[in-house]
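Chain and residue survey
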Amino acid sequence: MSLNTQDKLKIVNRFSYIRSNIEVGTTDKGEAFLFTKENISAGEVVAVWGGKAVHKNELAGLSGLSSPHRVHKDFYLVSPLHDDGIDSVHYIRQSADANCGFQGDITLVALRDIEAGTEITYHPAMKNPELAWARNEEAEIVRKRFNGSFPTYIQSKIESDPELKVYEPFKDGAWGLLTSIDLENCDAALIRDADAIKQYVIELCDLIEMKRFGETQVVYFGEDDRVAGYSMVQLIETSCISAHFANDTNTSYIDIFSCKGYDPKVAAEFTRKFFKGAAMRLTVTNRF
């Protein structure tokens, strides 16, 4: 669909905010959209939604309103229609190649430098909590792609749920990446089997593409029953993998440290499945 930036509508900011260098245009099919007349730098505020907050159960009984803007799993912002039209912020369209994202629940910012004459857009997945919170491969791709650009009510749930949280694999300038995995209620037989622990190391290194340096060291010790169990150390060419398995609680404490990048969640999920663990605490640290 082609754009026609010459056929402009009046900007209306009765309840919301749109930066002064943005105008409304129409497509060849008469659909309104917003575009910028001047360059916008990455990180700058583009628009802010405003209006009255209403509960989702109230929406069906309301009329004469603009499209609701969701700000919580149960609440929306709405604004009334006037003779001069709806607030122009509602003309912002969705696009697979979005140039804006959310900062907070109502503020839209530029994700990258936007050139004059370009339409202002955001990706539909950014406002789709059901997709962002799903526990499948498609949702994981979406979370990684738009992490930090979801509205706060979506982003905060991602951050607070270990299974949804996005861990940055390796920051620029970091010396190494440390993933610490605390895994409860592991299979008692597996964590008491030195050969099984060695097999875990082999499979883990293959999975995250780490080259082992020397043999896996697995030693049983601990005079105190509370800490007794196998300990493991495996040198890798980019650092080491270590672990302690506590027999008293059937808990595994595993550290993966490498100056080569890897995906912490891939390593953690493999570890959970291998040792048949239940609750898992995952801590990821970039070391500088």
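- In the nomenclature of an unreviewed UniProt entry, the protein chain corresponds to S-adenosylmethionine decarboxylase from the organism Leptospira sarikeiensis.
- Under Cofactor (unreviewed entry), UniProt gives the following word-for-word description of the protein chain: "pyruvate".

Side note on the nonpolar core
- Among the nonpolar cores identified, the biggest contains 34 residues, and Val 46, Trp 49, Ile 92, Leu 108 and Ile 120 are the most heavily contacted of them.
- Listed by contribution, the elements that provide at least two residues to this core are strand E3 (22–27), strand E4 (32–36), strand E5 (45–48), strand E10 (100–103), strand E11 (107–110), helix H1 (129–132), helix H2 (137–146) and helix H3 (152–160).
- When residues are assigned to domains, this core turns out to be shared by domain 1 (17–122) and domain 2 (129–166), each giving three or more.
- By size, the runner-up hydrophobic cluster in this structure holds 33 residues, among which are Ala 196, Leu 204, Met 210 and Ile 241.

Observations concerning the sheet that holds strand E8 (residues 75–78)
- The antiparallel open sheet is built from three strands, whose spatial order is E6-E8-E7. Each having just a single partner strand, strand E6 (52–55) and strand E7 (69–70) make up the two edges of the open sheet.
- When E6 meets E8, the two strands line up antiparallel, connected through four bridges. Note on E8: the bridge partner recorded for Lys 52 is Val 78.

A short note on the environment of Lys 127
- If you trace the backbone, Lys 127 turns up in the loop between strand E12 (121–122) and H1.
- The exposure class of Lys 127 is partly exposed, given its relative accessible area of 21%.
- Taking the C-alpha atoms as reference, Lys 127 lies 7.1 Å from Pro 151; in sequence the two are 24 residues apart.
- For Lys 127, the residues in contact, after removing those within four places along its chain, are His 69, Phe 102, Tyr 122 and Ile 154.

Some points on H2
- Three or more residues of H2 are buried, namely Ala 139, Glu 140, Val 142, Arg 143 and Phe 146. Each buried residue of H2 lies within a common arc of 160° when the element is viewed along its axis, so the set occupies one face. With respect to the buried face of H2, the exposed residues turned more than 90 degrees away are Glu 137, Glu 138, Ile 141 and Arg 145.
- On its buried side, H2 packs onto H1, H3 and helix H6 (264–274).

Side note on the sheet that holds strand E15 (residues 229–236)
- What the six strands build is an open sheet, ordered E14-E15-E16-E17-E13-E18; its pairing is antiparallel. If you trace the sheet from one side to the other, it starts and ends with strand E14 (217–221) and strand E18 (280–287), each paired once. Put simply, the sheet's adjacent strands are angled 10° from each other on average, direction ignored.
- Where strand E13 (residues 176–183) lies against E18, eight bridges are found, and the strand directions are antiparallel. Residue Leu 177 lies in a different strand from E18, and its bridge partner there is Asn 286.
- The sheet contacts of helix H5 (residues 194–207) involve E14, E15, strand E16 (239–246) and strand E17 (251–258), and relative to E15 the element is tilted by about 30°.
- Against the sheet, H6 engages E13, E17 and E18, with an angle of about 30° to E13.

Considering the domain arrangement of the protein chain
- Splitting the protein chain by domain gives domain 1 (17–122), domain 2 (129–166) and domain 3 (176–287).
- For domain 2 and domain 3, the distance between their C-alpha centroids amounts to 26 Å.

Considerations on the environment of Asp 74
- Looking at the element boundaries, Asp 74 is found in the loop between E7 and E8.
- A relative accessible area of 15% means that Asp 74 is categorised as buried.
- Remark: the alpha-carbon pair of Asp 74 and Ala 139, spanning 65 residues in sequence, is separated by 21 Å.

Rules behind the numbers
- Residues numbered from 1 in each chain as written.
- Predicted model: local features only at pLDDT ≥ 70, side-chain atom pairs only at ≥ 80, totals over all residues.
- Heavy atoms only, no water.
- UniProt positions renumbered as here; feature names shortened; annotations may be inferred.
- Core = buried A, V, L, I, M, F, W, Y, C linked by side-chain atoms within 4.5 Å.
- Buried < 20%, exposed > 50% of the residue type's maximum accessible area, 1.4 Å probe, protein only.
- Helix = DSSP H or I, 4+ residues; strand = E, 2+ residues; numbered from the N terminus.
- Domains from an automatic or database assignment.
- Pairing = 2+ DSSP bridges.
- Contact = heavy atoms within 4.5 Å.
- Arc of directions from axis to C-beta.
- Axes fitted to C-alpha atoms, helices over the stretch in contact; angles between N-to-C directions.

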